[in-house]
Structure formats: structure tokens, C-alpha cells
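# Working through the structure, step by step
Here is what each chain is made of, one letter per residue.
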Amino acid sequence: MAQINPSILSADFARLAEEAEAVRGADWLHVDVMDNHFVPNLTLGVPIVESLARATDIPLDCHLMIEQPDRWAPQFVEAGAGSVTFHAEAAAAPVRLAREIRAKGARASMALKPATPIEPYEDLLPELDMVLIMTVEPGFGGQAFLDIMLPKIRRTRQLIDKHGLDLWLQVDGGVSAATIERCAEAGADVFVAGSAVYGAADPAEAVRALRAQAAAATAGAPWACAH
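Everything numeric here is computed off the predicted structure, so don't read it as measured data. (Residues numbered from 1 in each chain as written. Predicted model: local features only at pLDDT ≥ 70, side-chain atom pairs only at ≥ 80, totals over all residues. Heavy atoms only, no water.)

Okay, helix H5 (residues 150-162) next. If you check H5, its first and last C-alpha atoms are 18 Å apart, about what 13 residues at 1.5 Å a residue would give, namely 18 Å. The inward-facing, buried residues of H5 contact strand E5 (107-112), strand E6 (130-134), strand E7 (168-172), helix H6 (180-186) and helix H9 (222-225). Two residues or fewer after H5 comes Gly164, characterised by a positive phi angle close to 60°. (Helix = DSSP H or I, 4+ residues; strand = E, 2+ residues; numbered from the N terminus. Expected span 1.5 Å × (residues − 1). Contact = heavy atoms within 4.5 Å.)

Listed below in C-alpha cells is the structure:
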């Protein structure tokens, strides 16, 4: 089933509780954590996640674009995140970290920047609940979708199916009404959308429309028909 995760990176940071309410019906709320080291931007940290978790019943999907996720990721679970994504490029011990996130009660996810191939991480996939394929360079919202990531999404889906895993495949970056169908056809089933949702006149309706588009594209996709 297609899931839509609005990104609060495109929301009004002074009104986060209201912005969460504006996307009621979303599957998850995507929270971009940036440290100005791993990526050239600084956003928010554990205290904001704690406050947001108290302010909404939409589960939080925290994407850690930070150095030393092995040290910090468990704290985001404790703060209330239902899913925590660390970057393969930053984790010192990804298997141990994924197991620790799961042991604390959250879903464990690993993200790959555009230039990072999925194939070296094939053996790690059973340790994860989700893989995130970045479809822009991480660090800023509002970037244009990178079509060259579509083959990587397809290869990731093939590896998931090869091992018979119940693993979500998320895409993040430039996802909109113009690109979501291509992502779904390629194999993604979780879609992070920032400006496409919060830039809409009715963010909740934008979530519903994107989900419907993704579901329709998935229904005719070869990978979904094979399941």
C-alpha cells in the first residue's frame, strides 16, 4: 500500500503542531534532522521531536542526515520517533545500529545518497524495516527530482523481492504529482513529499491525491503484479 509522508522541512517551523494537523490522514510525518556537518544545513534535534511527538498522533519518521548516527539515533527513538533512518555513509556499525533502534521499539531504516549504490548493502537488508533512496542530494527541500535514480529504485526493489523481505522502499526528494507515478512504477511504496504537500492550498487533500496517484501506478507495475 502506498504511504505518503509529508516532510515538515517544507512546513512553518513556528507552527509545527498546526502543520501536523494540516496533514491529518498522512501515514507518517517525515522529520528531517540535519547537523550542518553531514549536510550543509541545520534544522532541528531531539527536543523538537519530543515536542512534536506529544503534539500529534501521526507517527514520526525521523531521517537523520547527521554524523555519528550510532551515537544519536537511539535518542530519537526515546524522543518518540516510530521510525529512524540513518545514512549508510555515516554509520560506523549499521547492523548494530539497526538492531539497537529495533530493540528500543522503532522501525530501523537506512538511507543512501544518490551516488551510493545499493548492492554493497544487500546482506544488511534483512536487518532493516525500510530503505530510503534519496532522489536529490540531501540537505535542502524544494530540489528537482533526479530521474537517474529510477534504475537504482528498481534494483533495490529487485533485491527486496529476491530475498522475500517485508521491507518498505522509501523515496525522498522532488516527489510530486509529476514524479510520484514513476517512483511507484519503479518499486517505491513510501513517498516523502514536502513542497508538494505544504505548498498546496489544501495539504490534506494533496496527501490523498498523491496516495491515489501512487496506488494507481503501483497497481499496474510489474513488481507489484508479481507479488
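Viewed as axis vectors pointing N to C, helix H3 (residues 69-78) and helix H4 (residues 94-103) meet at an angle of 15°, and their least axial separation amounts to 9 Å. Accordingly, the angle class assigned to the pair H3 and H4 is roughly parallel. Note that H3 runs across H4; the crossing there is right-handed. Along its contact with H3, which presents Pro69, Asp70, Ala73, Pro74 and Val77, the element H4 presents Leu97, Glu100 and Ile101. Counted by class, the contact of H3 with H4 contains six nonpolar, no polar and two charged residues. (Axes fitted to C-alpha atoms, helices over the stretch in contact; angles between N-to-C directions. Parallel < 35°, antiparallel > 145°, perpendicular 65-115°, else oblique. Left-handed = near helix turned anticlockwise from the far one by under 90°. Nonpolar A, V, L, I, M, F, W, Y, C, P; charged D, E, K, R; others polar.)

According to the stated counting rule, one finds 16 salt bridges in the structure shown. For Glu18, the salt bridge goes to Arg15, with nearest N and O atoms at 3.2 Å. (Salt bridge = Lys/Arg side-chain N within 4 Å of Asp/Glu carboxyl O.)

The residues that UniProt annotates with the feature "binding site: substrate" (unreviewed entry) are Ser7, His63, Gly139, Phe140, Gly141, Gly142, Asp172, Gly173, Gly174, Gly194 and Ser195. Take Ser7: it is sitting in the loop between strand E1 (3-6) and helix H1 (16-21). Setting aside its immediate chain neighbours within four residues, Ser7 contacts His30, Asp32, Val192, Ala193, Gly194 and Tyr198. With respect to the helices and strands, the residue Gly141 is situated in the loop between E6 and H5. Exposure remark for Gly141: the relative accessible area of 46% places this residue in the partly exposed category. (UniProt positions renumbered as here; feature names shortened; annotations may be inferred. Buried < 20%, exposed > 50% of the residue type's maximum accessible area, 1.4 Å probe, protein only.)

So, on to the UniProt feature "binding site: a divalent metal cation" (unreviewed entry) in the chain. UniProt annotation of "binding site: a divalent metal cation" (unreviewed entry) refers to His30, Asp32, His63 and Asp172 when read in the numbering used here. Across 143 residues in sequence, these annotated residues keep their C-alpha atoms within 10.6 Å of one another, forming a single compact spot. Tracing the backbone through its elements, the reader meets His30 in strand E2 (residues 29-34). Given the relative accessible area of 0%, His30 is considered buried. Discounting chain neighbours no more than four positions away, the residues touching His30 are Asn5, Pro6, Ser7, Ile8, Asp61, His63, Gln170, Asp172 and Val192. Excluding residues that lie within four positions of it along the chain, His63 makes contacts with His30, Val31, Asp32, Val33, Thr85, His87, Ala111, Leu132, Met134 and Asp172.

On to the state of the cysteines, then. Per the counting criterion, the structure on display carries zero disulfides. Counting only cysteine sulfurs, Cys183 is the nearest neighbor of Cys225, a cysteine outside any disulfide, at a range of 18 Å. (Disulfide = S-S within 2.5 Å.)

Mapping Glu78 onto the fold places it in helix H3. For Glu78, a relative accessible area of 55% corresponds to the exposed category. Separated by 45 residues in sequence, Glu78 and Asp123 have C-alpha atoms that sit 28 Å apart. At 2.9 Å, the side chain of Glu78 and the side chain of Lys104 are in polar contact. (Polar contact = N/O pair within 3.5 Å; in protein donor to acceptor, adjacent residues only side chain to side chain.)

Now for the packing of aromatic side chains. On inspection of all chains with the given rule, the structure shows one aromatic pair. Plain terms: the ring middles of Trp28 and Trp168 are 6.1 Å apart, the flat faces sit at 75° to each other, and that makes the pair edge-to-face. Of this pair, Trp28 sits in the loop between H1 and E2 while Trp168 sits in strand E7, and the two are 140 residues apart along the sequence. For the pair shown, Trp28 and Trp168 are each scored as buried. Over the face of the ring belonging to Trp168 we find Arg107, whose NZ or CZ atom lies 3.5 Å from the ring centre. One residue, Lys113, lies across the ring of Phe38, its end atom 5.0 Å from the ring centre. (Phe/Tyr/Trp six-rings, centres within 6.5 Å; stacked < 30°, edge-to-face > 60°. Lys NZ or Arg CZ within 6 Å of the ring centre and 35° of its normal.)

This part is about H4. Burial in H4 covers these residues: Pro94, Leu97, Ala98 and Ile101. Buried residues in H4, looked at end-on, bunch into an arc of 100°, giving them a common side. Exposed and oriented more than 90 degrees from the buried face of H4 are Arg96 and Ala103. Those residues of H4 that are buried are in contact with H3, strand E4 (83-87) and E5. In the stretch just after H4, Gly105 is the one whose phi turns positive, near 105°. (Arc of directions from axis to C-beta.)

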